[in-house]
Every structure is written in structure tokens, then in C-alpha cells.
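The residues making up each chain are set out below.
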Amino acid sequence: MGGGPGRQKKQVKQAKGKRKSGNPMKRREEEAAAAARREQGPQAIEPAAGGNPFGLPAGGQDGQDFDLPDEFKKFMK
């Protein structure tokens with residue numbers, strides 16, 4: 001019933017990585033775009049200027065005019 005000492009294990013297939021187009025024109029465009037991304041490096045992935053790291057839009061509530069509800073003021077003494 002199968003699985004005896006003569007049974008061989010299946011080979012694990014290797015990952016093929018990112019595939020490239022078979023179309024020569026399209027492949028040339030993809031390679032040019034990849035080269036441009038490599039030249040730009042990690043500095044190209046910067047957050048937008050003036051953005052808030054907490055996800056709130058810049059110029060939103062800045063905390064100066066914020067007033068706690070009366071229930072929470074007792075914790076701030």
C-alpha cells in the first residue's frame with residue numbers, strides 16, 4: 001500500500017522570482033523603469049512634505065485650542 005522503502009520523495013520546485021515579459025519592447029521598458037528606480041534609491045520613497053506622521057492632515061487641530069471634557073480634567077491635576 002505505497003510508501004515503502006523504495007518510494008522517493010518529490011523534489012521541491014525553486015521559486016522563479018519576478019517574471020519578465022516575453023515581448024521585447026515591453027521587456028526593454030520594464031528594464032528601463034527598474035534601472036530608473038535603482039538610480040533613485042530609497043530617497044525616492046519619502047513621505048509628502050508637510051504631512052503629519054499620525055495621519056492627520058497638516059493644519060488640522062494643533063492642540064492649542066483643544067479643551068478636555070470636564071470628566072477628564074480631574075485626571076490632569
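Residues numbered from 1 in each chain as written. Predicted model: local features only at pLDDT ≥ 70, side-chain atom pairs only at ≥ 80, totals over all residues. Heavy atoms only, no water.

A short note on the overall build of the chain
Piece 1. Across its full length, the chain carries two helices and zero strands.
Piece 2. Looking at the 77 residues of the chain, the share that counts as buried comes to 1%.
Piece 3. Counting only carbon and sulfur atoms, one obtains 54% of the accessible surface of the chain, whose full area is about 8,300 Å². (Helix = DSSP H or I, 4+ residues; strand = E, 2+ residues; numbered from the N terminus. Buried < 20%, exposed > 50% of the residue type's maximum accessible area, 1.4 Å probe, protein only. Areas by Shrake-Rupley, 256 points an atom, 1.4 Å probe, with all protein chains shown as cover.)

A few points about the pattern of salt bridges
Piece 1. Evaluated as defined, the whole model comprises one salt bridge.
Piece 2. The residue Lys73 makes a salt bridge to Asp70 at a minimum N-O spacing of 3.7 Å. Note that Lys73 and Asp70 are positioned in helix α2 (residues 70-73) at a spacing of three residues, about one turn of the helix.
Piece 3. Relative accessible area serves as the criterion here: at 35%, Lys73 is assigned to the partly exposed category.
Piece 4. Look at Asp70 and you get exposed, because its relative accessible area is 60%. (Salt bridge = Lys/Arg side-chain N within 4 Å of Asp/Glu carboxyl O.)

What to know about helix α1 (residues 24-40)
Piece 1. In a regular helix each residue adds 1.5 Å, so 17 residues correspond to 24 Å; α1 covers 24 Å between its end C-alpha atoms and thus fits that length.
Piece 2. Put simply, Asn23 is the residue that caps the front of α1, since its side-chain oxygen is 3.1 Å from the backbone nitrogen of Met25.
Piece 3. Positive phi appears at Gly41, one or two residues downstream of α1, with a value of about 70°. (Expected span 1.5 Å × (residues − 1). Polar contact = N/O pair within 3.5 Å; in protein donor to acceptor, adjacent residues only side chain to side chain.)

Brief notes about the side chain of Ser21
Piece 1. Mapped onto the elements of the fold, Ser21 is located in the segment before α1.
Piece 2. Residue Ser21 is classed as buried on the basis of its relative accessible area of 15%.
Piece 3. At 3.1 Å, the side chain of Ser21 forms a polar contact with the backbone nitrogen of Asn23.
Piece 4. With sequence-adjacent residues up to four places away left out, Ser21 is seen in contact with Lys26, Arg27 and Glu30. (Contact = heavy atoms within 4.5 Å.)

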